[in-house]
Amino acid sequence: MRDRGFRTFITLLAGLAVIYFGATGNRQNGGEGGISGGVVLLALLASALAWNLTKPAAK
């Protein structure tokens, strides 16, 4: 169960990092600073990749 908590933490961290950097990038370019649908899609993909890469090895 400990592994699942770690995987969840890493997954959420990856998704939030993509959203954070996606939102701050818009603001620096003179945008309103909102989160676009593309950034949300990238966050979901990053989360799925993190979940897949941190799965335990088969025994």
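See the structure above.
Everything numeric in this text was worked out from a predicted model, so none of it was measured.

Q: Which residues make up the overall build of the chain, and what values do they have?
A: Of regular secondary structure, the chain possesses two helices and zero strands. In the chain, which comprises 59 residues, the proportion classed as buried is 19%. Across the chain, the fraction of contacts at a sequence separation of at least 24, relative to all contacts at a separation of at least 6, is 68%. About 4,700 Å² of surface is accessible on the chain, with carbon and sulfur atoms providing 66% of the total.

Q: For the packing of aromatic side chains, give the residues involved together with the corresponding values.
A: Applying the stated rule across the entire model yields one aromatic pair. Arranged with centres 5.1 Å apart and planes meeting at 70°, the rings of Tyr20 and Phe21 form a pair that is edge-to-face. Grouping residues by exposure puts Tyr20 and Phe21 together as exposed. Positioned over the ring face of Trp51 is Arg7, at 3.7 Å from the centre of the ring.

Calculation notes
- Residue numbers run consecutively from 1 along every chain, following the written order of its sequence.
- Whole-chain, interface and lining totals are the exception, using all residues; otherwise, since this is a predicted model, local features are given only for residues with pLDDT of at least 70 and side-chain atom pairs are given and counted only at 80 or more.
- Excluded from the side-chain calculation are hydrogens and water; included are all heavy atoms of the structure.
- Put simply, DSSP marks the helices as runs of H or I at least four residues long and the strands as runs of E at least two long, and each gets a number from the N terminus on.
- Accessible area is worked out with a 1.4 Å probe on protein chains only. A residue is then buried under 20% of its type maximum, exposed over 50%, and partly exposed in between.
- The criterion used for residue contact is that any of the two residues' heavy atoms lie within 4.5 Å.
- Values of accessible area rely on a 1.4 Å probe in the Shrake-Rupley scheme; residue burial ignores everything except the protein chains shown.
- Here the aromatic set is Phe, Tyr and Trp, taking the six-membered ring for Trp, and pairing holds for ring centres within 6.5 Å; pairs whose planes are under 30 degrees apart are stacked, those over 60 apart are edge-to-face, and all others are tilted.
- Both a distance and an angle decide whether a charge sits over a ring: NZ of Lys or CZ of Arg must be within 6 Å of the ring centre and within 35 degrees of the ring normal.

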